[in-house]
Amino acid sequence: MGEIHLVTGEYPPQPGGVADYTWLVAAGLAEAGEEVHVWCPPADGPAPEAPGVTVHRELGTFAPGDLARAGRMLDRFPAPRRLVVQWVPHAYGYRSLNVGFCHWLRSRASAGDRVDFMVHEPSLGFARSVRHNAAALVHRWMTIVLLRAARRVWVAAPEWERRWRPYTLGRRVPFAWLPIPANVPVQDDAAATAALRARFAPAGGALLGHFGTYGRDIAGLLTAALPRILADERRGVLLMGRGGEAYREELLGAHPGLEGRVHATGGLPPERLSLHLGACDLLLQLYPAGVNTRRGSMMAGLSHALPIVANDGGDTEDLWRASGAVGLVPVGDVEALVGRVDALLGDPEERRRLGAAAGELYRSRFDVRHTVAALRGTN
C-alpha cells in the first residue's frame, strides 16, 4: 500500500472525459489497496464517494497563489510524494497556456517528488492562424518543461509518444501506452433495456445508436450517412450524449421525413446511459481521423459487447484492423459505410460475433484493471 496523488484539471461533478477517467482510476487504485489523493479545482456540488479516495479541491484557477497553497499542503505528506498528472493543456486554465503550472511541477520534481504524466491530449498542432501557431509554440515549450519534471509518461494513444518524445531533448524518459477504459459501468437490467427498446425502436425494426458530443466534424459524418441508412423506415437511431438534442433538430430540419425515428437523450447519468446503449442493435461511431484508443465513446460500446461500425483513418491503430472486433470502413466512404450497416442489420449471427469480439477486445486490452496494474507496478 502507498500514497498516489492524482493531479487533474477536472473531477466529478465537473463533466468531461478526463474527470470521469480520473474518478474511475482513483476508485480502482483505492480498491486495490492504495491511498489515493485527488488534487483538483473547485466544483459545484460534492464529488462521488469512493472508499479510500480523498479529494482536495485546492487548485483554484491554477494561479501562482493557488499552486503555492497546494504545494504547502502536499508537503505535509511523507516525501517523496508521487504525483500522477492528467495532462490536457486546456484543463489548467490560462487559455491552455499555463506555463507557470508546468514550472510548478518541475519544481516539485526538483524537490524530490516523483512526477508521472498521463497524456490525454499532447498539444495544439500547427495551422494557418498566427495566433493558433503562437499557442502551439508555447505548448511545445511547456512540453519541454514537463518532460524535465517527468519520471515516466503514459500516453492515451501511441501517436502522443511520437508527438512528445522529441521534446525530451535526449533525456531518458520511459514512455508507455495506457489506453483509456470505459467510464460507463455495464448495467444488467433486461427489463429496463427492453422497455427502452420498445420506446425507441420502430415496431419490428432495428435501432442504431451513436454516443458522443456531436462536434461539427462528427456531426458532418453522421449527416452524410444517417439519411441513407434511415431510408428504410423500419430503422431508427438513438443519439446519446450531450449535444444530441441540438443535433437531432439540425438533422430533422434538413430531413423532416425522419421525424419520429430520430431520438436524442441529451446527457445521461452512467447507469441510464448503459441501459440505453444496451437497447441498440448496432452502434455507429464515426470520427474524422478514424477510430482510436483514446475515444471514450468507443470504449463504452466495446465494454457493453455491442456490434460497432466505425471508420478507419489516419489516427486508427493497427489493433483495430487486426482484432476483427469492429466493422471498419474508410473515413468519408459513405457507400461502404451504408453497405456495411445494411449487411450487419441483415445478419444477426454476424452482429453477435462482432459484439462478442468487441467485449473480448475490451477485457483483454482496455479494462480499468490494466490501468490500475500499470500505475501500481511503477510505485
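The coordinates are above.
This one's a predicted model, so the numbers in the text were calculated from it and none came from an experiment.

(A) Looking closely at the nonpolar core. The biggest cluster of nonpolar side chains holds 63 residues, and the ones touching the most others in it are Leu-277, Leu-284, Met-298, Leu-302, Trp-320, Val-326 and Val-341. At 7 residues, helix 7 (residues 216-229) tops the list of elements feeding residues into this core. What Met-298 contacts, discounting residues up to four positions off in sequence, is Gln-285, Tyr-287, Val-291, Ile-308, Ala-310, Trp-320 and Val-326. If you look at the next biggest cluster of nonpolar residues, it comprises 59 residues, including Leu-67, Leu-83, Val-85 and Val-153.

(B) Main features of the pattern of salt bridges. Counting across every chain of the model gives 26 salt bridges. For Arg-82, the salt bridge goes to Asp-116, with nearest N and O atoms at 3.1 Å. Of the two residues, Arg-82 sits in strand 4 (residues 82-87) while Asp-116 sits in strand 5 (residues 114-119), which places them 34 residues apart along the sequence. The residues Arg-82 and Asp-116 share a single accessibility class, namely buried. Linking Arg-294 and Glu-121 is a salt bridge whose minimum nitrogen-to-oxygen distance equals 3.5 Å. Remark: Glu-121 occurs in the loop between strand 5 and helix 4 (130-149) and Arg-294 occurs in the loop between strand 11 (282-285) and helix 10 (296-303); sequence separation between them is 173 residues.

(C) Quick look at the packing of helix 1 (residues 17-31) against helix 14 (residues 368-376). The N-to-C vectors of helix 1 and helix 14 enclose an angle of 65 degrees; their axes lie 9 Å apart at closest approach. Accordingly, the angle class assigned to the pair helix 1 and helix 14 is roughly perpendicular. Between helix 1 and helix 14 lies a crossing of right-handed hand. Contacts between helix 1 and helix 14 pair Tyr-21, Leu-24, Val-25, Gly-28 and Leu-29 from the former with Val-368, Thr-371, Val-372, Leu-375 and Arg-376 from the latter.

(D) Looking closely at the environment of Thr-265. Among the structural elements, Thr-265 can be located in strand 10 (residues 262-266). Note on Thr-265: relative accessible area 16%, which makes it buried. When residues no more than four places from it in sequence are discounted, the contact partners of Thr-265 are Leu-238, Leu-239, Met-240, Gly-241, Glu-245 and His-276.

Parameters and conventions
Residues numbered from 1 in each chain as written. Predicted model: local features only at pLDDT ≥ 70, side-chain atom pairs only at ≥ 80, totals over all residues. Heavy atoms only, no water. Core = buried A, V, L, I, M, F, W, Y, C linked by side-chain atoms within 4.5 Å. Buried < 20%, exposed > 50% of the residue type's maximum accessible area, 1.4 Å probe, protein only. Helix = DSSP H or I, 4+ residues; strand = E, 2+ residues; numbered from the N terminus. Contact = heavy atoms within 4.5 Å. Salt bridge = Lys/Arg side-chain N within 4 Å of Asp/Glu carboxyl O. Axes fitted to C-alpha atoms, helices over the stretch in contact; angles between N-to-C directions. Parallel < 35°, antiparallel > 145°, perpendicular 65-115°, else oblique. Left-handed = near helix turned anticlockwise from the far one by under 90°.

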